[in-house]
Amino acid sequence: MTIFAPNPDATATSTLSSLIRRRRPGFSLEAEFYTDPTVFAADLDAVFGRHWIFVATEAEIAEEGDYVTVTVGKASVIIIRDDDFEIRAFRNVCRHRGARLLNEERGSVGNIVCGYHQWTYSPDGSLLHAKDQPADFDKSCFGLRSVSVRSEGGLIFICLAAEPPNDFDEVSARIEAYLGPHQLTNTKVAAQIDLVEHANWKLVMENNRECYHCEAGHPELTCTFFPTYGHAVEDIPTRLLPAHARYLQAEHDLETACSDRGYPYELIHELTGRPSAFRIQREALDGAGESYTIDGTAASQKLLGDLDTPRLGRLSLHHQPNMWSHFLADHAVVFSALPLDVDRTLVRTTWLVHSDAVEGEDYDLDNLTAVWKMTNAQDAGLCALAQTGVSDPGYLPGPYAPSESDVDDFVTWYIERLSEVVEP
Amino acid sequence: MTIFAPNPDATATSTLSSLIRRRRPGFSLEAEFYTDPTVFAADLDAVFGRHWIFVATEAEIAEEGDYVTVTVGKASVIIIRDDDFEIRAFRNVCRHRGARLLNEERGSVGNIVCGYHQWTYSPDGSLLHAKDQPADFDKSCFGLRSVSVRSEGGLIFICLAAEPPNDFDEVSARIEAYLGPHQLTNTKVAAQIDLVEHANWKLVMENNRECYHCEAGHPELTCTFFPTYGHAVEDIPTRLLPAHARYLQAEHDLETACSDRGYPYELIHELTGRPSAFRIQREALDGAGESYTIDGTAASQKLLGDLDTPRLGRLSLHHQPNMWSHFLADHAVVFSALPLDVDRTLVRTTWLVHSDAVEGEDYDLDNLTAVWKMTNAQDAGLCALAQTGVSDPGYLPGPYAPSESDVDDFVTWYIERLSEVVEP
Amino acid sequence: MTIFAPNPDATATSTLSSLIRRRRPGFSLEAEFYTDPTVFAADLDAVFGRHWIFVATEAEIAEEGDYVTVTVGKASVIIIRDDDFEIRAFRNVCRHRGARLLNEERGSVGNIVCGYHQWTYSPDGSLLHAKDQPADFDKSCFGLRSVSVRSEGGLIFICLAAEPPNDFDEVSARIEAYLGPHQLTNTKVAAQIDLVEHANWKLVMENNRECYHCEAGHPELTCTFFPTYGHAVEDIPTRLLPAHARYLQAEHDLETACSDRGYPYELIHELTGRPSAFRIQREALDGAGESYTIDGTAASQKLLGDLDTPRLGRLSLHHQPNMWSHFLADHAVVFSALPLDVDRTLVRTTWLVHSDAVEGEDYDLDNLTAVWKMTNAQDAGLCALAQTGVSDPGYLPGPYAPSESDVDDFVTWYIERLSEVVEP
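Quantities reported herein were computed from a predicted structural model and do not represent experimental measurements.

Engineer: Could you give an account of the state of the cysteines, naming the residues involved and the relevant values?
Structural biologist: Counted by the stated rule, this structure contains three disulfides over all chains. Note on cysteine connectivity: Cys211 of chain A is disulfide-linked to Cys214 of chain A, with sulfurs 2.0 Å apart. One quick way to see it: the torsion about the S-S bond of Cys211 of chain A and Cys214 of chain A is about -85°, and its sign makes the bridge left-handed. Classification of Cys214 of chain A as buried rests on a relative accessible area of 4%. Of all cysteine sulfurs in the structure, the one in Cys94 of chain B sits closest to Cys114 of chain B, which takes part in no disulfide; the separation is 3.9 Å. Here Cys223 of chain C is not disulfide-linked; the sulfur of Cys214 of chain C is the nearest cysteine sulfur, at 12 Å. Judged by relative accessible area, Cys223 of chain C falls into the partly exposed class, the value being 36%.

Engineer: Can you lay out helix 8 (residues 365-390) of chain C for me, pointing to particular residues and giving the numbers?
Structural biologist: Taking 1.5 Å as the rise per residue, helix 8 of chain C with 26 residues should run 38 Å; its terminal C-alpha atoms sit 37 Å apart, in good agreement. At Val371 of chain C, helix 8 of chain C shows its largest kink, close to 35°.

Engineer: Describe the interface of chain C and chain A, and please don't skip the residues or the numbers.
Structural biologist: At the junction of the two partners, chain C supplies 40 residues and chain A supplies 37 residues. Between chain C and chain A, a total of about 3200 Å² is buried, with carbon and sulfur atoms accounting for 56% of that surface. Its largest share of buried area at the contact with chain A, chain C owes to Arg97, Tyr116 and Arg145 of chain C, together 23% of the area lost on that side. The interface formed by chain C and chain A contains two salt bridges. Close ionic contact of Glu210 of chain A with Arg97 of chain C constitutes a salt bridge, the shortest N to O distance being 2.9 Å. The interface formed by chain C and chain A contains 13 residue pairs in polar contact (both at pLDDT 80 or more). Contributing elements (two or more residues each) for the side of chain C that touches chain A: helix 1 (16-22), helix 3 (37-48) and strand 3 (75-81) of chain C. Taken together, the residues that form the side of chain C that touches chain A break down as 16 nonpolar, 12 polar and 12 charged.

Engineer: Summarise the relation of the copies chain C and chain A; cite the residues concerned and give the values.
Structural biologist: Least-squares fitting of chain C to chain A yields an RMSD of 0.0 Å, with the superposition described by an axial translation of 0.0 Å and a rotation of 120°. Here the two chains are linked by the operation of a three-fold rotation axis.

Engineer: Residue-level account of the interface of chain B and chain A, with values.
Structural biologist: On the chain A side, the residues contacting the 37 residues of chain B number 40 residues. Interface of chain B and chain A: buried area, both sides summed, is about 3200 Å²; carbon and sulfur atoms make up 56% of it. Run the count over chain B and chain A and you get two salt bridges. Inspection of the chain B/chain A interface yields 13 residue pairs in polar contact (both at pLDDT 80 or more). Tallying contributions element by element places helix 8 (residues 365-390) of chain B first for the side of chain B that touches chain A, with six residues.

Engineer: So what about the sheet that holds strand 12 (residues 268-270) of chain A? Which residues, and what values?
Structural biologist: Residues and elements named next belong to chain A. Judged by pairing direction, the sheet is antiparallel, and its seven strands sit side by side in the order 11-17-16-15-14-13-12 without closing on themselves. The open sheet has two edge strands with one neighbour each: strand 11 (187-197) and strand 12. Across this sheet, the average inter-strand angle for adjacent strands is 15°, counted without regard to direction. Running over the sheet, helix 5 (residues 201-208) touches strand 11, strand 14 (314-319), strand 15 (323-327), strand 16 (332-341) and strand 17 (344-354) and is turned about 35° from strand 15.

Engineer: Pulling in residues and values, what's your account of the packing of aromatic side chains?
Structural biologist: Applying the stated criterion across every chain yields a total of 45 aromatic pairs over all chains. Ring geometry for Trp324 of chain C and Phe335 of chain C: centres 5.1 Å apart, planes at 15°, overall stacked. With Trp324 of chain C in strand 15 (residues 323-327) and Phe335 of chain C in strand 16 (residues 332-341), this pair connects stretches of sequence that are 11 residues apart. For the pair shown, Trp324 of chain C and Phe335 of chain C are each scored as buried. Through pairs of rings, three or more aromatic residues link up here, namely Phe33, Phe48, Trp201, Phe410 and Tyr414 of chain A. Here Arg150 of chain A stacks its cationic end above the ring of Trp52 of chain A, 6.0 Å away from the centre of that ring. Positioned above the aromatic ring of Phe27 of chain B is the side chain of Arg24 of chain B, whose terminal nitrogen or guanidinium carbon lies 3.7 Å from the ring centre.

Definitions and cut-offs
Residue numbers here run from 1 along each chain, matching the order of that chain's written sequence. Chain letters start at A and ligand numbers start at 1, both assigned in the order the entries are written. Side-chain atom pairs in this predicted model are given and counted only at pLDDT of 80 or more, local residue features only at pLDDT of at least 70, and totals for whole chains, interfaces and linings cover all residues. Computation of side-chain values: all heavy atoms of the structure, hydrogens and water removed. Cysteine sulfur atoms are paired as a disulfide whenever they come within 2.5 Å of each other. Partly exposed residues are those whose accessible area sits between 20% and 50% of the maximum for their type, while under 20% is buried and over 50% is exposed, using a 1.4 Å probe and protein chains only. To qualify as a helix, a DSSP run of H or I must reach at least 4 residues; to qualify as a strand, a run of E must reach at least 2; elements of each kind are numbered from the N terminus. Take the residue count of a helix, subtract one, and multiply by 1.5 Å to get its expected span. The bend reported for a residue corresponds to the angle between axes fitted to the seven residues ending at that residue and the seven starting there. By the convention used here, residues are in contact when the closest approach between their heavy atoms is within 4.5 Å. Two parts placed together each lose some accessible area under a 1.4 Å probe, and adding up what both lose gives the buried area. We define a salt bridge as a side-chain nitrogen of Lys or Arg found within 4 Å of a carboxyl oxygen belonging to Asp or Glu. The term polar contact refers here to a pair of N or O atoms within 3.5 Å; inside protein, the definition further demands a hydrogen-donor-capable atom paired with an acceptor-capable atom, and it admits residues adjacent in sequence only when both atoms are side-chain atoms. Ten residues, namely Ala, Val, Leu, Ile, Met, Phe, Trp, Tyr, Cys and Pro, are considered nonpolar, four, namely Asp, Glu, Lys and Arg, are considered charged, and the remaining ones, Gly among them, are considered polar. A residue counts toward the fit only if its pLDDT is at least 70 in both copies, and the copies are then superposed by least squares on the C-alpha atoms of those residues. One bridge is not enough; two strands pair if DSSP finds at least two bridges between them. Here, axes are lines fitted to C-alpha atoms. For helices the fit covers the stretch in contact, and angles between N-to-C directions go from 0 to 180 degrees. Centres within 6.5 Å are what make two rings of Phe, Tyr or Trp a pair, Trp counting through its six-membered ring; a difference in plane orientation under 30 degrees is then read as stacked, over 60 as edge-to-face, and the rest as tilted. Think of it as a cone above the ring: NZ of Lys or CZ of Arg counts as a charge over the ring if it is within 6 Å of the ring centre and within 35 degrees of the ring normal.

Any link to function would need more than the numbers given here.
Structural data, given as structure tokens:
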């Protein structure tokens with residue numbers, strides 16, 4: 001309808017291609033990227049419909065028949081361990097008249113039975129039974145629709161596209177060298193918390209990709225950050241020189257600990273320019289230097305895998321578009337961000353400890369989860385502020401600070417993805 | 001906006017005409033029919049705006065001035081009995097500045113007075129008073145807008161179109177022969193329950209049009225169904241042969257009871273190919289064989305009309321697009337489905353008993369309503385499963401079973417209706 | 001999608017220009033003006049984005065650093081008194097990454113600090129601090145975006161357009177002569193109440209612009225209206241002639257009181273034909289004749305400004321598009337209507353008394369606010385009836401009564417504004 005002379009202050013009706021073309025590197029995106037349902041639909045297609053998405057951990061489906069259901073945009077997907085111990089993924093939709101099949105977030109089944117007319121599927125997806133059908137009914141035509149799925153050292157990724165990006169094998173192999181010693185397939189879920197943030201999924205990811213907000217925003221998290229974190233070396237004030245010396249020593253010690261054990265240590269930073277973009281790095285922690293706790297001491301006495309020291313800092317892994325995670329010597333904490341609507345995002349946090357660790361003996365649950373429960377809640381507040389602001393017609397894209405370069409990388413990767421499918 | 005290369009898995013932006021053209025007989029409809037607001041708007045126009053819709057019973061407006069208000073899509077309609085005992089229907093909108101006139105679901109009035117500026121209308125729709133108007137104000141130009149209305153043996157239908165389908169007289173006459181003995185105009189409302197189902201109105205209707213889900217889904221309802229219900233004769237297992245013999249005897253007894261009394265008995269099945277499509281049939285019940293109760297005995301001791309036996313089975317009447325009903329010897333239970341939004345539908349259930357039946361003496365309300373209260377609640381859950389599933393981008397239309405042929409008829413009728421107004 | 005043969009009863013898909021062209025003077029607007037999100041977006045642009053909007057009173061930001069935030073459509077605006085006692089207005093959006101800055105409705109600050117990354121702005125809008133920026137970062141480029149703001153005798157108006165209408169100076173000067181004696185800058189807020197009405201902002205304004213509904217709708221308000229209010233002189237019934245004589249005497253007394261003191265008294269009625277359209281008039285009150293209370297006696301013993309008599313009737317000021325207000329000798333009550341969504345409007349009512357008036361001594365809060373609390377609640381109910389009705393496809397525009405001529409003026413002004421920006 002519309003058709004009136006444009007107010008220069010009003011949001012212009014823009015095509016997605018012109019929005020992409022106008023993107024200004026080093027600046028936050030225009031408002032439509034965070035608020036327009038059409039862009040959100042494009043995100044679900046071009047990003048979440050065509051890339052590897054982190055959705056769960058193997059620890060969540062330890063036994064045959066164990067399943068989780070995850071929602072990616074409007075799509076519900078079943079992740080299930082079949083009777084051959086293989087991980088499978090299927091559309092959570094009956095092939096008869098479309099009823100939702102599994103309605104719980106997790107559980108365990110023998111077969112998958114539709115609640116409407118009792119069509120029954122095997123955990124491998126094949127249709128076992130559909131009652132009262134004519135003789136020529138071919139069950140093999142009505143198995144569950146499969147979804148590509150793979151585990152990267154215990155982290156489960158799915159891809160909704162018929163042809164997933166083919167660069168994930170190479171990424172996975174390189175990451176395996178870092179993750180291997182932590183043996184995630186030999187862990188259990190100590191806690192899992194879902195938080196619905198009132199922000200577009202990209203604001204949630206952008207918030208994760210910088211620590212410019214950490215000093216004021218995350219007092220608990222920064223307990224184990226060196227006070228010089230984020231400072232350029234040449235700008236470190238005199239009063240922080242002792243802390244800087246402490247940092248250099250800790251980094252040296254960590255490098256030695258890793259090289260003694262043959263663990264890779266170097267930063268790999270490939271956050272743009274490829275479909276399966278990622279970043280991995282091991283960094284020293286301040287305080288006791290062992291874990292992501294308030295005082296930095298290990299939260300679990302049972303170290304992961306066969307690790308022989310708690311002082312391995314934090315191994316941080318970021319995958320585009322929807323994952324960040326930290327692997328400590330004593331536990332792992334992994335995060336997925338899944339878009340629910342243009343302005344709501346599910347952030348799922350999972351804490352993993354050694355399979356044999358016993359709650360109350362080896363670890364205290366509150367102590368294990370304290371830092372990231374607080375940090376997530378703080379981030380949810382900050383992201384909601386950002387969503388409210390960018391939804392205001394008074395919003396203009398603003399400049400990223402130098403320490404926000406990974407945010408700029410995230411946005412660059414995102415624009416690359418859209419550009420591949422949007423007609424210029 | 002959009003304009004990006006189509007993901008074959010994503011819902012295509014389709015015109016209504018191409019959706020209609022792509023319809024595959026014998027399979028459920030594509031997702032847009034159940035989820036797209038544009039299709040919903042077309043449904044309100046092409047189906048609910050142009051056909052006879054079942055909305056109430058005469059028993060609800062027994063006296064002069066009694067009214068009910070019903071909502072069809074976004075339209076509110078007043079059904080009122082005027083001072084000459086005629087049934088009238090009007091748009092529930094003031095002709096002055098558009099205020100809603102009657103804001104209760106039912107009641108009784110002398111005149112209809114607008115709450116905003118007190119414009120006052122007679123129950124026959126004429127404007128009686130509008131204060132402080134100039135001398136040349138012509139009240140006759142501002143009467144209420146009338147809506148076509150008629151009663152089919154006590155069942156009230158309205159049509160929002162200026163020219164209603166002209167085949168309803170013939171339908172009505174044929175049905176009258178079946179309904180007549182039950183004398184619905186000599187009934188009262190024993191109970192009426194509204195249920196908002198979280199499903200598109202077509203899923204609600206499709207669910208009603210099959211009993212493929214009854215065995216597992218409706219344990220109470222199927223108490224009075226013969227165990228062989230839905231089985232092809234040649235597929236009846238040996239263990240059910242006694243039940244089949246019982247069924248054949250009951251059908252024979254029912255036929256005799258009807259022919260002795262001159263009641264029609266045969267199935268009329270005209271669910272497609274005409275605007276006022278319908279189906280009517282009298283069938284025997286199992287158990288005591290008298291009524292829709294858990295044990296099949298009559299719920300009301302005061303039989304309808306002048307009926308002299310409780311053993312008349314169930315007379316079932318289905319009207320397209322929004323009605324099903326069952327007439328027993330002792331009571332009637334009638335249902336209307338009215339669309340509220342693309343994914344929400346009001347199901348109104350009304351139980352009618354003889355006007356002279358006394359609650360607590362002739363009937364127990366819990367016993368009368370038990371089976372269909374349970375059945376409705378079960379159906380609401382099943383329809384919600386279906387709505388959730390067809391809203392998932394992983395949904396594909398699936399094949400109807402042989403016992404779902406009335407569902408296919410419903411869909412065929414619906415596509416016929418759309419086809420009449422959608423440009424190819 | 002659509003593309004089906006139009007049902008003459010269904011809402012046509014209309015362009016805004018054809019809706020404007022079809023407007024019939026003397027009749028209420030077509031439904032789309034009250035219900036269509038596209039028209040609402042046009043209203044936010046053409047009306048609320050380009051005209052002076054009443055948003056607050058100076059009494060609300062009495063001290064340096066005091067602020068209020070107001071929401072106009074989707075835009076949040078900060079109104080703040082800076083350190084030089086100037087009133088300033090800014091977009092409530094951080095220039096870094098767009099976070100909402102001030103999240104309370106009112107408060108007091110030294111500087112404006114963003115909660116996300118602590119960018120810090122002066123109350124004059126300049127960016128004072130943004131941490132960890134490169135040497136070439138130019139703070140002067142990232143001050144808050146200013147919004148035009150002005151006070152008309154203590155009433156604060158903002159304009160979101162870069163070039164506000166230039167006729168407000170002249171309007172303001174003429175109104176000043178009326179408002180001056182009430183000295184609004186020497187008042188304090190006795191009460192402020194927000195009410196969210198479930199109606200389009202134009203229905204809220206139209207309701208305010210007529211008293212055709214008052215006799216039945218507002219029993220408390222009409223206590224101080226003469227019983228002949230709204231009657232043409234020639235139509236006054238015999239029984240009301242004594243009341244009419246009382247009215248003529250009261251108007252005579254009021255005219256004398258005003259002319260003795262040099263207060264203007266005459267009606268100025270310029271509700272159409274100009275951007276900053278308004279109406280102002282002083283009228284006598286019935287009962288004690290002093291104030292808007294149930295019995296008409298003054299609610300505050302401390303009269304406004306230097307007024308020496310409570311018998312100055314009501315001075316009523318209407319601004320298009322969103323304001324009405326009444327200035328009594330003892331207090332003022334001012335209203336702003338701000339659109340929240342196509343069918344929701346915030347009505348903010350502020351009662352002002354003399355700065356030195358003491359609650360419990362000079363005035364009783366319940367007595368001061370009783371009439372308009374009741375009247376607002378009644379209007380909210382009536383506007384909701386109207387919104388429900390005009391949203392019904394059965395609605396047709398209807399004729400205004402002669403006493404609704406200011407409603408017609410409001411609609412005429414509105415159509416003038418749209419016409420300036422909508423391409424024919």
